[in-house]
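Tertiary structure, described
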Amino acid sequence: MIVFDKLWPTIKKQGLSQYKLIHQYNVSPGQLDRLRKNESVTTYTLNVLCKILDCRLEDIAEYVPDPEPEAEPEAE
């Protein structure tokens, strides 16, 4: 799954806040909520964030393999 854990430190490093992203750069609060929850966002949104933050995609997003489902115990 794609996670956006790196986004928040990158925003802070650039001296921005979520408030500023919403009110100055017109980033949707819903999109920020989806990013916070590691939900699906469009490549357009990622492009806009990289442009605003002057960063690369890997500075805000990362692929982490999904955890393996636990095997159920065998019935005897």
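Let us look at the structure shown here. Only a predicted model underlies this, so the values are computations on that prediction, with no experimental measurement involved. (Residues numbered from 1 in each chain as written. Predicted model: local features only at pLDDT ≥ 70, side-chain atom pairs only at ≥ 80, totals over all residues. Heavy atoms only, no water.)

1. Some remarks on the nonpolar core
- Counting 17 residues, the largest nonpolar core has Phe4, Leu7, Leu21, Leu35, Leu53 and Ile60 as the members making the most contacts within it.
- Only α1 (7-13), α3 (29-36) and α4 (43-53) provide two or more residues apiece to this core.
- Take this core: its biggest share by element is five residues, from α4.
- Beyond its immediate stretch of four places on either side in the chain, Leu35 contacts Phe4, Leu7, Trp8, Val41, Leu46 and Leu49. (Core = buried A, V, L, I, M, F, W, Y, C linked by side-chain atoms within 4.5 Å. Buried < 20%, exposed > 50% of the residue type's maximum accessible area, 1.4 Å probe, protein only. Helix = DSSP H or I, 4+ residues; strand = E, 2+ residues; numbered from the N terminus. Contact = heavy atoms within 4.5 Å.)

2. Considering the environment of Lys20
- Its location among the elements puts Lys20 in helix α2 (residues 18-23).
- The class for Lys20 is partly exposed, based on a relative accessible area of 33%.
- A sequence separation of 25 residues divides Lys20 from Thr45, and the C-alpha atoms of the two residues are 16 Å apart.

3. As for unusual backbone geometry
- Even without glycine at this site, Asn38 takes up a positive phi of about 55°.
- The residue Asn38 is located in the loop between α3 and α4 in this model.
- For Asn38, a relative accessible area of 25% puts it in the partly exposed group.
- Here the phi dihedral of Asp54 falls at roughly 50°; this positive angle occurs in a residue that is not glycine.
- Position of Asp54 relative to the elements: it lies in the loop between α4 and β2 (62-63).

4. A few points about the side chain of Thr10
- In this structure, Thr10 sits in helix α1.
- Non-local contacts of Thr10, meaning those with residues more than four positions away in its chain, are made with Leu53, Cys55, Asp59 and Ile60.

5. Overview of the environment of Pro67
- Within the element layout of this structure, Pro67 appears in the segment after β2.
- In the structure, Pro67 is positioned 66 residues away from Met1 in sequence and 9.4 Å away in space, judged by C-alpha atoms.

6. Quick word on the pattern of salt bridges
- Going through the model one piece at a time under the given rule, you end up with three salt bridges.
- Between Asp33 and Arg36 there is a salt bridge; the shortest N-O distance is 3.1 Å. Of this pair, Asp33 and Arg36 both sit in helix α3, separated by three residues, roughly a single helical turn.
- Taking the relative accessible area as the measure of exposure, Asp33 reaches 27% and is therefore partly exposed.
- The shortest N-O distance in the salt bridge between Lys37 and Asp33 comes to 3.1 Å.
- A cluster of three or more residues bridged by salt bridges with shared partners is formed by Asp33, Arg36 and Lys37. (Salt bridge = Lys/Arg side-chain N within 4 Å of Asp/Glu carboxyl O.)

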